[in-house]
Amino acid sequence: MQLNGFLFGAFTLLQSLQLVQAENLIQATGLTQCSDSAEVTVNNFNAVFTPANKSISIIFDGYSEVAGDVLIDVDLLVYGYKAFTKTFDPCSLDLSVFCPMKAIELQIPTVTQTLGDNVLSQIPSIAYSVPDIDAVIRLRLKYKNGGTQITCLETRVSNGKSVYQPGVSWTLAIITGLGLVTSTVTSLLGHSNTATHLAFRSLAFLGFIQTQAMAGMSSAKLPPFVQSWTQNMQWSLGIVRSDSLQTIATWFQRATGGTPSTVMTSSSSISVVLQKRSAIHRRAAEKGSQILLRGIERVGIRDSIELTNIFMTGYLFYYFITAVVVACVGLVLLVRAVLAKKQTLLPKLDRTISVTADWKTVLRNTFFRLACIGYPQMCILCLWELTHRDSAAEIVLAITMWLVTTAVLAFAAFKVFQRAMRSKQQHNTPAYTLYSDPATLNQWGFLYIYYRAPVYFFLVPALVYTVVKGMVIAFAQPSPVAQSIVLLILELSMMLAIAIIKPFMSKGANVTAITMAVINSLNTIFLLVFSDVFDQPELMTGILGVIFFLLNAIFTLVLLIYLLVGMVYAIFFKKPDTKYKPLGDDRDSFRWSRTGTTTELSSLEKIARGEEDAEGHPHPARVVTAPPSDEDVSMAARRPYNDVVDPSLPLFPTSHDHTQRQL
C-alpha cells in the first residue's frame, strides 16, 4: 500500500537526514494500553525485526486475565496511516503460552520467528531509512469464537535512525559561544554598532534554541520527530550527558538522604515508554513494571540521565559554564594587564584597555550576564525539583538558586528603572543616563541595550514571560492540556506585545523577534494538538509532527545563517560598522562624538557637554592651541557621562575607572 503524495514527498526529503549508515532493523520497546480494558498487563516487552535474516525476536513478561482461544489483529500505522493489517493465530506461531491463553503470568524469555516473503513484501523499504519514523504497531486481542475484542495494546516502532545527533548539539553550542565571544572582541576593538547587532543575533539564536528545548520539555504526547529534534536543543537548558556529572549527582543525592532511581540500570528487566495516551491508560500500564515518562523526565532519559539526576545535572552544568567563563575573564584581564604596559599599541586599543574596570567589577558584571542567560534553565529545573523532591538538600539548592537569580535580575531591573526615571526628570528623556553613564550601561545594559531607548521598560515583560513560562512547564507536567493552553495564551500575548510595540533597536531586529514570536505561538498550537484535546485523527498528528520539525529546522537554519553573516562582517571587514544603519533611537547622541556627525538630539548633546546653555545660546568659544593628544583623549574617556562606551552586551564587560562612583 502506498502513502499519499504529501507523506511520500516528506519521506523523500527526510531520507536525506540519515546521518549514520547501519544495519536495517525495526524495533519496539514497551506495550501500552489503547483501550479502557486492562486484562493484559506488561512488565517488559522488546521486539526486534531484522529484514536481512527475515526474523523477529520477541521478549515478553506480563500477566493475563484472559482465558480461551484468541486471535491477534496486527495493524501497522505510519504517521497515522494504516499501512499494514494482518490477523495471526498464536497457535500457528508455536506460541504455547497464547494457545490457549490462561489467567496466569506470561513469560516469553526469547522467541524467534521467521516471517514469510508475503509479509515482508507489505513493509515499505522506506520504513528502514526514515529517521524517527512515526510508526505504531497496534495489537487487538479478540476471542476466536465470536470475535469479541478483549483488549488493545500498542507499541511505538523505531528503526534505529534519528535526527537527534550529539554532533548537532555540539555544533549549535559552539557557534553560539563563538558569536558571543566575537561580539566581545568586536566591542573591544571599538566597533560598537557591529558588536551590538552581533550580540543580539547570538542571543536571539540562543533564545530560539531554548524555546524549542522548552517545547521538548512539555508533557504533551510529542511525535518522534518533535522529540528528537527538540532533544538536540536540550543542552541550552543544562541537560547534558556526562559520566562525571552523573557520578557527582548520584553521590550527592545519596549523601543527602535521597534514593537514586535505577531506570537506566534496570532497562533490561523493565520497559521504558516515552509516550502516553491518557491517564487511564497510564494507570493500566502501571499495574505492571513499565515506566511511562513524559516531559522533563522523557528528555532526561533520552540523554541517558537518571530521573533523580536531572536537576543536579542542570545545576552542575550551569556552575561548570560559570567556571569556564570566569577562567576566560581572568585570562582576558591578564592579557589586558600585559598589553596595557606596552607603548607600541594602537591608540584605539590603548584607550579601550584604559577604561576596563578592575577585576572585581568585571567579574560581578559577568555574573549578572550569566544569570540572565541561564535564567530560563533555572526557572524550569529549580521549580520542577520542588515537585520531584530528589532529596531535601537538592530542594534547598533549587529554592536558593531560583531566589538568588530572580532577586539579582529584579534588582537589576529596579536599578534600570531608577536611573531611567531620574534621567527623565532631569533631562526629559530616559535615554540620557541609560546610554551616557558608562557605569549604568556596562553594569545594567544587558537588560535593555537591545530595546529602543523609549521602551526600555520592555525588559519587565520579558522577565515576567520567562518566569511564567518556566512555572507552567515545571508545575503543569501532570496536565498536558492545561499546560498547552496556558503556554498558548502566554506566547500569543508576547507575540502581540512585540508586534504592536516593536521594542527592539532596529527594523531587522524587530522583524527577527516578531518572526520568532509567531513561530513560538505556532509551536504552542502544535503542542495543544499533540495533547489530544481535539481527539484528532492520528494521521493529522503525524503530519503536524513533520510540519513542526520542518518549520523549526528551517528557521533555526535561517537564524544560524543570520548569525554567521554577522560574524563574517565582524571578522573579515575592516570597517564592519558601515554594514549596519545607525540606530534609530539616537542613543549615540548622548555620548561624546568623535565623528562629527549630527543627529536630531545634537542640541541636547551640546548642552550636556556645556557647548550651549538651556536657551540654545553658545558659550564663548574656547581657544585651542594644539590638537588634543592621545593622553588627553584617554583622560576624557575616563570621565563619567563623557565616556565613549560601546553599546553592546560583551561577554566580558567593561567599565570606567571611577569605581567609587555610586551605582
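Residue positions within a chain follow its written sequence, with the count starting from 1. The predicted nature of this model means local features are confined to residues of pLDDT at least 70 and side-chain atom pairs, given and counted, to a pLDDT of 80 or more, with totals for whole chains, interfaces and linings taken over all residues. Side-chain numbers come from the whole structure's heavy atoms, not from hydrogens or water.

Caption draft 1: Here's a closer look at the packing of helix α5 (residues 224-231) against helix α19 (residues 538-572). Angles shown run from 0 to 180 degrees and are taken between the N-to-C directions of axes, each axis being a line fitted to C-alpha atoms and, for helices, limited to the stretch in contact. A helix here means a DSSP run of H or I that spans at least four residues, while a strand means a run of E at least two residues long, and both kinds are numbered starting from the N terminus. Between α5 and α19, whose axes approach to 8 Å, the crossing angle comes to 25°. Looking at the two axes, α5 sits roughly parallel to α19. Contacts between α5 and α19 involve Phe225, Val226, Trp229 and Thr230 on the former and, on the latter, Gly545, Val546, Phe548, Phe549, Asn552, Ala553 and Thr556. Its residues placed into classes, the contact of α5 with α19 shows seven nonpolar, four polar and no charged. Here roughly perpendicular refers to angles of 65 to 115 degrees, roughly parallel to angles under 35, roughly antiparallel to angles over 145, and oblique to all remaining angles. Contact between two residues is taken to exist if any of their heavy atoms lie within 4.5 Å; hydrogens are not considered. Under the scheme applied, nonpolar residues are Ala, Val, Leu, Ile, Met, Phe, Trp, Tyr, Cys and Pro; charged residues are Asp, Glu, Lys and Arg; polar residues are all the others, including Gly.

Caption draft 2: The arrangement of the pattern of salt bridges in detail. Note on definitions: salt bridges are taken to be side-chain nitrogens of Lys or Arg within 4 Å of carboxyl oxygens of Asp or Glu. Considering all chains together, one arrives at nine salt bridges under this definition. For Lys142, the salt bridge is made with Asp73, and the minimal N-O distance between the two is 3.0 Å. Pair noted here: Lys142 is in strand β8 (residues 135-143) and Asp73 is in strand β5 (residues 70-78), with a separation of 69 residues, a long-range link. Among the salt bridges present, the one from Asp243 reaches Arg241, with a minimum N-O distance of 2.7 Å.

Caption draft 3: Local environment of the packing of aromatic side chains. Pairs were defined over the aromatic rings of Phe, Tyr and Trp, the Trp ring being its six-membered one, requiring ring centres within 6.5 Å. Orientation was assigned from the angle between planes: stacked under 30 degrees, edge-to-face over 60, tilted for the rest. Tallied over the entire structure, the rule returns 19 aromatic pairs. Pairwise contacts between aromatic rings join Phe200, Tyr450, Tyr451, Phe458 and Phe504 into one cluster. The rule for a charge over a ring is simple: NZ of Lys or CZ of Arg within 6 Å of the ring centre, and within 35 degrees of the ring normal. Here the basic side chain of Arg201 rests over the ring of Tyr562, its NZ or CZ set 3.9 Å away from the ring centre.

Caption draft 4: Fine view of the state of the cysteines. By convention in this document, the label disulfide applies to cysteine sulfur atom pairs within 2.5 Å. Per the counting criterion, the structure on display carries zero disulfides. Of all cysteine sulfurs in the structure, the one in Cys379 sits closest to Cys382, which takes part in no disulfide; the separation is 8.1 Å.

Caption draft 5: Molecular detail of the confidence of the model for the protein. Taken over all residues, the pLDDT of the protein has a mean of 77, while the share at 70 or more is 76%. A score between 0 and 100, pLDDT records how confident the predictor is in each residue. Within the protein, the element-level pLDDT minimum falls on helix α7 (residues 279-285), averaging 37, and the maximum on helix α17 (residues 480-501), averaging 95. Below a pLDDT of 50 lies the segment residues 276-288, which in the model reaches 27 contacts outside its immediate sequence neighbourhood of four places, other chains included. Throughout residues 592-602 the model reports pLDDT below 50, and contacts reaching past four residues in sequence, or to other chains, amount to 18 contacts.

Caption draft 6: Region of the structure containing empty space enclosed by the protein. A cavity, in this analysis, means grid points on a 1 Å lattice covering only the protein atoms where a 1.4 Å probe fits yet has no way out; a pocket is instead an open set bounded by protein on both sides within 12 Å along at least five of seven lines, and a residue lines either one if it has an atom within 4 Å of a point. Grid points are joined across faces, edges and corners, and a volume is the space filled by probe spheres set on the points. Per the counting criterion, the structure on display carries six cavities of 30 Å³ or more. When its volume is computed, the largest cavity comes out at roughly 960 Å³. As for the largest cavity, its lining consists of 37 residues, of which Leu203, Gly207, Tyr451, Ala462 and Thr466 are closest to the centre. Where the lining of the largest cavity is concerned, the elements lending two or more residues are α4 (192-217), α11 (359-373), α12 (375-388), α15 (438-448), α16 (459-475), α17 and α18 (507-530). Of all the elements, α4 adds the most residues to the lining of the largest cavity, at nine residues. Taken together, the residues that form the lining of the largest cavity break down as 29 nonpolar, five polar and three charged. Taken as a whole, the second largest cavity spans an internal volume of roughly 90 Å³. In terms of lining, the second largest cavity is formed by Thr211, Gln212, Met214, Ala215, Lys469, Ile473, Leu487, Glu491, Asn520, Asn523, Thr524 and Leu527. Residue composition of the lining of the second largest cavity, by class: five nonpolar, five polar and two charged.

Caption draft 7: Inspection of a nonpolar patch on the surface at higher detail. The patches described consist of residues with a relative accessible area above 30% and no salt bridge, like charges being joined within 9 Å and nonpolar side chains (Val, Leu, Ile, Met, Phe, Trp, Tyr) within 5 Å. Shrake-Rupley sampling with a 1.4 Å probe provides the accessible areas, and residues are treated as covered by the protein chains on show and by no other component. On the surface, a nonpolar cluster with roughly 420 Å² of combined accessible area is contributed by Val481, Ile485, Ile489, Val533 and Phe534. With respect to the helices and strands, the residue Ile489 is situated in helix α17.

Caption draft 8: Fine view of α17. The span you would expect from a helix comes to 1.5 Å times its residue count less one. Between the first and last C-alpha of α17 there are 31 Å, a value that for 22 residues agrees with the 32 Å anticipated at 1.5 Å per step. Residues of α17 that are buried sit in contact with α16 and α18. Among the residues trailing α17, Lys502 stands out with phi positive, at a value near 50°.

Caption draft 9: Expanded view of the pairing of strand β9 (residues 149-158). Burial here depends on accessible area, computed with a 1.4 Å probe over protein chains only, as a share of the maximum for the residue type. Under 20% is buried, over 50% is exposed, and the range in between is partly exposed. The element β9 is largely enclosed, with a buried count of seven among its ten residues. Whether two strands pair depends on DSSP finding at least two bridges between them. With two bridges joining them, strand β1 (residues 26-29) and β9 adopt antiparallel strand pairing. Directly across from Ala28, in β9, lies its bridge partner Val157. With two bridges joining them, strand β2 (residues 32-33) and β9 adopt antiparallel strand pairing. Opposite Thr32, over in β9, you have Glu154 as the bridge partner. By the bridge criterion, eight bridges tie β8 to β9 in an arrangement that is antiparallel. In the strand pairing of β9, Ala135 is matched with Val157.

Caption draft 10: Representation of the side chain of Asp303 in the model. Relative to the assigned elements, Asp303 resides in the loop between α8 (295-302) and α9 (310-340). A residue counts as positive if it is Lys or Arg and as negative if it is Asp or Glu; His and the chain ends are not included. For the buried Asp303, no salt bridge exists, and the shortest N-O distance to an oppositely charged side chain is 7.5 Å, to Arg302. Setting aside chain neighbours within four positions, we find Asp303 in contact with Tyr164, Gln231, Ile239 and Arg241.

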